[in-house]
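Reading the structure
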Amino acid sequence: MTRLFLVLLLATGFLVGVFAFAPIGKVLQLSGAEQHGFRWTGAEGSVMDGRLRGMSFQGKPYGDAGLKLAPGALLSGRIQYAVDWIGEHGQGAGNISFGSGQKFQLDDFNIDLDLLRLEQAARWIQQSGGRVQLTGGVIRFNGSQCAEATGTATSDVLDRNREILGDGWTDMTGDLHCDAGDLIIPLQSENGSGTRFLAQLRVAPGRPGRFEARVSGMIPRQLQFALPIAGFKPDGGDFVYAYASSIRNTLP
């Protein structure tokens with residue numbers, strides 16, 4: 001019995017060792033990642049500590065990422081990686097984990113996004129640029145449903161568009177949350193004249209991302225003239241800019 005146990009222990013250790021040093025590119029190929037539209041031009045290192053270069057998803061480029069496996073998460077039935085990412089759309093870091101039943105979770109994240117690189121960026125963003133920072137504790141999806149989200153979104157968009165929107169705006173910020181299965185990334189601000197600015201991005205696996213920016217409240221005449229030029233459309237007493245992304249968000 002003791003000899004059998006030692007043989008099984010050695011065999012298990014050998015298999016774990018083979019897995020730990022397996023090339024990360026080969027493992028991703030075997031996982032079927034390419035069938036879901038995820039590709040890369042180069043892969044270095046192992047599944048324990050590797051790096052992917054030239055990543056793309058459904059034909060859109062997303063830069064490079066380093067991945068370090070957290071072995072302790074395996075004890076709770078999860079695969080977790082510490083990820084650092086940099087690309088045309090921005091950069092970020094956080095812990096990504098996957099569980100049974102298409103459970104996906106992002107923890108302790110800090111992400112900086114370049115709005116100028118987003119699909120169908122508004123004309124006023126195309127002229128001035130802008131960034132959004134996401135920081136927080138957790139974003140969790142169970143299948144296609146947002147189950148939990150805590151964190152904060154901030155942006156410098158209004159600061160970059162003083163010529164259009166004027167001065168006196170409060171910091172543009174909002175709290176991440178879930179609504180009807182979507183992850184909501186909100187940004188809101190207002191000025192001393194009673195003009196309100198609300199931008200909201202809705203994200204969910206299997207559905208296109210949806211974005212809306214709305215200016216409401218007391219809108220001065222010069223702003224009523226400037227907003228249509230910037231791409232906003234009248235909606236009652238408000239002005240709205242909206243679009244839906246052509247990319248469907250898909251969990252790995």
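Attention in this report is confined to the structure presented alongside it. Computed from a prediction, not measured in an experiment: that's the story for all the values here.

1. Some thoughts on the environment of V203
Structurally, V203 can be placed in strand β13 (residues 195–204). Overall, the relative accessible area of 18% leaves V203 in the buried class. Residues V203 and C146, spaced 57 residues apart in sequence, show a C-alpha to C-alpha distance of 8.8 Å.

2. Description of the pattern of salt bridges
Scanning the entire structure with this criterion turns up 12 salt bridges. Across the pair D156 and R160 runs a salt bridge, and its minimum N-O distance is 2.9 Å. With relative accessibility at 22%, the residue D156 sits in the partly exposed group. A salt bridge links R214 to E212, with the shortest nitrogen-to-oxygen separation between them at 3.4 Å. Taking relative accessible area as the criterion, E212 reaches 35% and is therefore assigned partly exposed.

3. A few points about helix α6 (residues 221–229)
If you check which residues of α6 are buried, you get L223, A226 and L227. Relative to the axis of α6, the buried residues are bounded by an arc of 105° and lie together on one face. Counted as exposed and oriented over 90 degrees from the buried face of α6: R221, F225 and I229. Trailing α6 by a residue or two, G231 shows a phi angle of about 110°, which is positive.

4. Some thoughts on the pairing of strand β2 (residues 42–45)
Pairing of β2 with strand β3 (residues 49–57), which is carried by 4 bridges, proceeds in the antiparallel orientation. Residue pairing in the sheet places E44 in a bridge with R51 of β3. The loop that links β2 with its antiparallel partner β3 comprises 3 residues.

Analysis parameters
- Each chain carries its own residue numbering, running from 1 in the written order of its sequence.
- Selection of residues for local features in this predicted model requires a pLDDT of at least 70, selection of side-chain atom pairs for listing and counting requires 80 or more, and totals for whole chains, interfaces and linings are taken over all residues.
- Note that water and hydrogens are dropped before the side-chain values are worked out from all heavy atoms of the structure.
- The numbering of helices and of strands both runs from the N terminus, where a helix is a DSSP run of H or I of at least 4 residues and a strand a run of E of at least 2.
- Each residue is placed in one exposure class: buried if its accessible area under a 1.4 Å probe, protein chains only, is under 20% of its type's maximum, exposed if it is over 50%, and partly exposed if it falls in between.
- One speaks of a salt bridge when a side-chain nitrogen belonging to Lys or Arg is within 4 Å of a carboxyl oxygen belonging to Asp or Glu.
- Here the arc refers to the set of directions running from the helix axis out to each C-beta atom.
- In this description, strands pair whenever DSSP reports at least two bridges between them.

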